[in-house]
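Listed here are the chains, written in short residue letters.
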Amino acid sequence: MTTATAQQVESAARELLAGGVVAFATETVYGLGANAEDARAVQAIYQLKGRPAGHPLIVHVSTLASARYWGRLGRVGEALASAFWPGPLTLIVLRHPAAPAYACGDEQTVGLRCPSHPLAQALLKAFEAQGGHGVAAPSANRFGGVSPTTAAHVRTDFGDRVTVLDGGPSAVGLESTIVDVSRGFATILRPGDISAGQINDVLLDSGLDTLREGPAHTCPDTGTESVDQPRRPRVSGSMAAHYAPTATLELVAPAQLPARLTHWQNRGKRVACCVLTVNVTQADHVEQASADPAQYGRRLYAMLRGFDEDGIEVILIEQPPTGQQWAAINDRLGRAQTGSGKATKGSSRD
Ligand code: TXA
Ligand code: MG
């Protein structure tokens, strides 16, 4: 079955309110949800994921009105939410002091997202109708791994330990754009399907300042942020190594790809190539990627997971074009390259 029934949605909402963990489809990636107002349920997510304590979770709500329960969006947040919600945008806003901090890594801010996927909407509406206020949900993968874009991916990571609401393959396939608006101006913390250009158009139309440069991609957890810098929100997706497959992943300029393939094949490795323009035939697997960034993004995580399942040891990816439409893809590929190769390098990260 590819889409959960209304009955399954109702029962999943009840399970959430009773303190359970439920994975569900969204338009970006599948989320691993728990009642954001239930400290034990939130704790269960951290345990299941193997996520370090203190990495805040995003709280999912069905409408802009329900988002206001959690925090003050301010003029910038209200403008962006009105333009892009429901949709693949997460806003980091100042949390109301009374709103529970369990899901927010004890930050004074809260990440809010109103997903557009009909199944996520139905679940959140049913949850709110039964008295809930928000579902904390990180991507439904083990920490540091590749985000799931199908129900089968979630089952690969968690087996039958969680209920999964299947809504078919995620249409976007990459995690939401995260914009911090908690300081009265907008900064992109994680690029996604909604581009800087689209955000700036809305800000300009609303008579607001355009995007400011984001923090360098560092966070306290990597140990690369110096202590005298102002405290910044933690985005685990901003760690240099994240979204990583088990195989060694190399981003390669088109002209170098044949030589890298020979290099690894001479060492007896099983190699997959993901190409845009280069003609490769002799790899163990050749994936002809789409030149359309939307299609490329939709397919990327399923491709990386598929390579791991097939026992591929090295993934050679032809460097995609630069430019706004490719920003999220290049961001994830860069992190995947840094964190990849658990099988060959014996990294301790899970
Ligand atoms: O598309 C998405 O955003 C998916 C779907 C399930 O909604 N969720 C997702 O969650 O990607 P997660 O936890 O895998 O990534 C969210 C990122 C994390 O890196 C977290 O640290 C950051 O958002 N985040 C959450 N709340 C924050 C806050 N208050 N301040 C700074 N960063 C925050
Ligand atoms: Mg994640």
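What this report covers is the structure whose coordinates are included nearby.

Definitions and limits used
Residues numbered from 1 in each chain as written. Chains lettered and ligands numbered in written order. Predicted model: local features only at pLDDT ≥ 70, side-chain atom pairs only at ≥ 80, totals over all residues. Heavy atoms only, no water. Axes fitted to C-alpha atoms, helices over the stretch in contact; angles between N-to-C directions. Helix = DSSP H or I, 4+ residues; strand = E, 2+ residues; numbered from the N terminus. Parallel < 35°, antiparallel > 145°, perpendicular 65-115°, else oblique. Left-handed = near helix turned anticlockwise from the far one by under 90°. Contact = heavy atoms within 4.5 Å. Nonpolar A, V, L, I, M, F, W, Y, C, P; charged D, E, K, R; others polar. Buried < 20%, exposed > 50% of the residue type's maximum accessible area, 1.4 Å probe, protein only. Polar contact = N/O pair within 3.5 Å; in protein donor to acceptor, adjacent residues only side chain to side chain. Phe/Tyr/Trp six-rings, centres within 6.5 Å; stacked < 30°, edge-to-face > 60°. Lys NZ or Arg CZ within 6 Å of the ring centre and 35° of its normal.

### A look at the packing of helix 6 (residues 151–158) against helix 9 (residues 293–309)
- The interhelical angle for the contact between helix 6 and helix 9, taken along N-to-C directions, is 45°, at an axis separation of 11 Å. If you check the angle between helix 6 and helix 9, you find them oblique. Between helix 6 and helix 9 the crossing geometry is left-handed. In this structure, helix 6 uses His-153, Thr-156 and Asp-157 to contact helix 9, whose residues at the interface are Ala-302, Arg-305 and Glu-309.
- Taken together, the residues of the contact of helix 6 with helix 9 break down into 1 nonpolar, 2 polar and 3 charged.

### Focus on the side chain of Gln-121
- With respect to the secondary-structure elements, Gln-121 resides in helix 5 (residues 118–129).
- Gln-121 sits in the buried class, given a relative accessible area of 12%.
- A polar contact is formed between the side chain of Gln-121 and the side chain of Lys-125, at a distance of 2.9 Å.
- The contacts of Gln-121, once residues within four sequence positions are left out, are Ser-62, Pro-86, Cys-114, Pro-115 and Ser-116.

### A word on the packing of aromatic side chains
- Following the criterion strictly, the structure yields 2 aromatic pairs and no others.
- With a centroid separation of 5.4 Å and an interplanar angle of 75°, the aromatic rings of Tyr-69 and Trp-70 are classed as edge-to-face.
- Accessibility expressed as a relative area gives 34% for Tyr-69, which makes it partly exposed.
- Taking NZ or CZ as reference, Arg-212 lies 3.8 Å from the ring centre of Phe-185, over its face.

Shape is all these values report; function is a separate question.
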